[in-house]
Amino acid sequence: MAKIKFNIKNVKYAVPNSDGSYEGVSPKSLGGAHQLTLNGTYSEKPIYADGLKAFVLASDQGLTGSLIMTYLNDDYEIDMGRKMRIAGGLADIQQLAAKEHAIYFEIHEQDQNDSKATLKCWLFNVTSGKPTEIFTQDQEEPTPNNYEIPITVLGTLLKDETGTNNYVDANGNTLLVWRITASPTDDGYSTFGNSVPVPKVTAE
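All residue numbers refer to position in the chain's written sequence, counted from 1. The model is predicted, so local features are restricted to residues of pLDDT at least 70 and side-chain atom pairs to those at 80 or more, both for listing and for counting; the totals for chains, interfaces and linings are taken over all residues. For the side-chain quantities, the full set of heavy atoms in the structure was used; hydrogens and water were omitted.

**So, the nonpolar core**
- We call a set of buried residues a nonpolar core when its members are Ala, Val, Leu, Ile, Met, Phe, Trp, Tyr or Cys and they connect through side-chain atoms within 4.5 Å of each other. Accessible area is worked out with a 1.4 Å probe on protein chains only. A residue is then buried under 20% of its type maximum, exposed over 50%, and partly exposed in between. Ranked by internal contacts, the top residues of the largest apolar core, which has 22 residues, are Val11, Leu30, Met69, Tyr76 and Ile103.
- Secondary structure elements are taken from DSSP: a helix is a run of H or I of four residues or more, a strand is a run of E of two residues or more, and numbering for both begins at the N terminus. Put simply, the parts of the chain that give this core at least two residues each are strand E1 (3-14), strand E4 (52-72), strand E7 (101-111), strand E8 (116-128) and strand E10 (147-153).
- Among the nonpolar cores identified, the runner-up in size contains 13 residues, and Ala14, Ala102, Ala182 and Tyr189 belong to it.

**A look at the pairing of strand E5 (residues 83-86)**
- Strands pair, by our definition, only if DSSP identifies at least two bridges between them. Pairing of E5 with strand E6 (residues 89-92), which is carried by four bridges, proceeds in the antiparallel orientation. Paired with Ile86 across the two strands is Gly89, which belongs to E6.
- Connecting E5 to the antiparallel partner E6 that follows it, the hairpin turn spans two residues, and Gly88 within it adopts a positive phi of roughly 95°.

**Some points on the pattern of salt bridges**
- In the sections that follow, a salt bridge refers to a side-chain nitrogen of Lys or Arg positioned within 4 Å of a carboxyl oxygen of Asp or Glu. Throughout the structure, instances matching the rule amount to five salt bridges.
- The salt bridge involving Glu109 is made with Lys5; its shortest N-O contact spans 3.5 Å. With Glu109 in strand E7 and Lys5 in strand E1, this residue pair connects regions lying 104 residues apart in the sequence.
- Residue class for Glu109 comes out buried when judged on its relative accessible area of 12%.
- Where Glu77 meets Arg82, a salt bridge forms, and the shortest distance between an N and an O atom there is 2.8 Å.

**Notes on the environment of Trp178**
- For Trp178, the location among the structural elements is in the loop between strand E12 (176-177) and strand E13 (179-182).
- The class for Trp178 is buried, based on a relative accessible area of 17%.
- Spatially, the C-alpha atoms of Trp178 and Phe124 are 5.6 Å apart, while their sequence positions differ by 54 residues.

**Observations concerning the side chain of Arg82**
- Considering the arrangement of structural elements, one finds Arg82 in the loop between helix H1 (74-79) and E5.
- On the basis of relative accessibility, which here comes to 2%, the residue Arg82 falls in the buried class.
- Definition of a polar contact: a pair of N or O atoms within 3.5 Å, with one able to donate and the other able to accept a hydrogen when the atoms are protein atoms, and with sequence-neighbouring residues admitted only if both atoms are side-chain atoms. A polar contact is formed between the side chain of Arg82 and the side chain of Glu77, at a distance of 2.8 Å.
- Polar side-chain contacts of Arg82 include one of 3.3 Å to the side chain of Gln95.
- We call two residues in contact when some of their heavy atoms are within 4.5 Å. Residue contacts for Arg82: discarding those within four places in its chain leaves Tyr76, Glu77, Ala91, Asp92, Ile93, Gln95, Ser128, Gly129, Lys130, Pro131 and Ile149.

**Side note on the pairing of E10**
- Burial along E10 is one-sided: Tyr147, Ile149, Ile151 and Val153 are buried, and none of Glu148, Pro150 and Thr152, which face the opposite way, are.
- Here E4 pairs with E10 via seven bridges, running antiparallel. Counterpart to Leu63 in the pairing with E10 is Val153.
- The pairing of E8 with E10 spans three bridges and is classified as antiparallel. Residue pairing across strands places Thr127 opposite Thr152, the latter belonging to E10.

**What to know about the environment of Asn39**
- Mapped onto the fold, Asn39 is located in strand E3 (residues 31-49).
- Classification of Asn39 as partly exposed rests on a relative accessible area of 39%.
- Taking C-alpha positions, Asn39 is 20 Å from Lys3, a pair spaced 36 residues apart along the chain.

**Overview of the confidence of the model for the chain**
- In this model, the chain carries a mean pLDDT of 94, and residues with pLDDT of at least 70 account for 99%.
- Known as pLDDT, the predictor's confidence for each residue is given on a scale from 0 to 100. Confidence, read as mean pLDDT per element, is least for strand E9 (residues 132-133) in the chain (91) and greatest for strand E2 (residues 28-29) (98).

In structure tokens form, the structure reads like this:
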């Protein structure tokens, strides 16, 4: 059945522990969402032999895009190393490194029977840059500014059914996971946004 997806809400983020795990980490609100754009960084390189295309080499480097927020919580910028509370106020500071983190958001889904559901999503190993801010003056009505944050989704390795070892397919390949989307019929849906899940295959 055909379905459409729309809206974005309840954006949160989580910063991993020093060992890279998210065990015991509680997500924080990122702010009020307006728009999320995700672009796949996928390319193909054809290899020719004897005048014919013999092979196609695929390269999937994850996702890039932007997250536009109507309002942005200061804690996010502080945790990303772009702001610091100093004497006299909140300072924009030099960002010394990209900090990997996970981002959670929810979207709506509707099928052709007008049945609606909320989908819950996690993006893995995200890095973000300094947000673009635009302030404008409207002579009649207040014009709120948006924050446009460039993001890159690096992904995390898929684990086996135990959640401990990396999954390896029949050809010896490991696989990266960029995003997990949970629907109301999936196990653990009700608590899916409470912590960062470990992507793992279904036990046979």
